[in-house]
Amino acid sequence: MATGNYTIDGNAINHWSAVGNGVIRVQGKTITLTGTPNFSTAFANADLSSTVLVNGNTFSGAATGSRYVATNNGVISSGAAGATYLPGNAAGSTSGGGQYF
């Protein structure tokens, strides 16, 4: 769980990745991206019945890569913010019962 606003300033496979019933909660924060970081798999990843709760955030700056990947019953909840809510320049995807909403 993020307890305050923060900055992302480097590349990574994912920024948020929850696997195997894991839970990530980052809600109502300001997240600043500097230098247009690249996320080679996706900005947010939920796999194997994990949950990523990320509603109410404000993103400042841009990123490259897929916005999200939800697979194998993983869930990414944006609070119905829409498919382009998360940083990235490519569409997100779901498979194997994964959900994004």
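Residues numbered from 1 in each chain as written. Predicted model: local features only at pLDDT ≥ 70, side-chain atom pairs only at ≥ 80, totals over all residues. Heavy atoms only, no water.

Notes on the nonpolar core
Turning to step 1, where the next piece is worked out: Residues Trp16, Phe43, Val52, Phe59, Ile76 and Leu86 are the most contacted members of the largest nonpolar core, which totals 22 residues.
Turning to step 2, where the next piece is worked out: By residue number, the principal contributor to this core is strand 5 (residues 39-47), which donates four residues.
Turning to step 3, where the next piece is worked out: Residues contacting valine 52, with those up to four places away along its chain left out, are Trp16, Ala18, Ile24, Asn45, Ala46, Val75, Ile76 and Ser77. (Core = buried A, V, L, I, M, F, W, Y, C linked by side-chain atoms within 4.5 Å. Buried < 20%, exposed > 50% of the residue type's maximum accessible area, 1.4 Å probe, protein only. Helix = DSSP H or I, 4+ residues; strand = E, 2+ residues; numbered from the N terminus. Contact = heavy atoms within 4.5 Å.)

A look at the environment of aspartate 9
Turning to step 1, where the next piece is worked out: In this fold, aspartate 9 is placed in the loop between strand 1 (6-8) and strand 2 (12-19).
Turning to step 2, where the next piece is worked out: Given the relative accessible area of 62%, aspartate 9 is considered exposed.
Turning to step 3, where the next piece is worked out: In this structure, the C-alpha to C-alpha distance between aspartate 9 and threonine 41, residues 32 residues apart in sequence, is 17 Å.

Points about the packing of aromatic side chains
Turning to step 1, where the next piece is worked out: In this structure the tally under the stated criterion is six aromatic pairs.
Turning to step 2, where the next piece is worked out: Centre to centre, the rings of phenylalanine 39 and phenylalanine 43 are 5.1 Å apart; their planes meet at 85°, and the pair counts as edge-to-face.
Turning to step 3, where the next piece is worked out: Relative accessible area serves as the criterion here: at 2%, phenylalanine 39 is assigned to the buried category.
Turning to step 4, where the next piece is worked out: With centroids separated by 5.3 Å and ring planes inclined at 75°, the aromatic side chains of phenylalanine 59 and tyrosine 85 adopt a geometry described as edge-to-face. Note that phenylalanine 59 is positioned in strand 7 (residues 58-60) and tyrosine 85 in the loop between strand 9 (75-77) and strand 10 (93-95), a separation of 26 residues in sequence. The pair formed by phenylalanine 59 and tyrosine 85 is uniform in burial state, with each residue classed as buried. (Phe/Tyr/Trp six-rings, centres within 6.5 Å; stacked < 30°, edge-to-face > 60°.)

A few points about the sheet that holds strand 1
Turning to step 1, where the next piece is worked out: Spatial ordering of the open sheet is given by 1-4-7, a layout of three strands whose pairing is parallel. The sheet is open, and its two borders are formed by strand 1 and strand 7, each paired with just one other strand. Across the sheet, the mean angle from the axis of one strand to that of its neighbour is 25°, orientation sign disregarded. (Pairing = 2+ DSSP bridges. Axes fitted to C-alpha atoms, helices over the stretch in contact; angles between N-to-C directions.)

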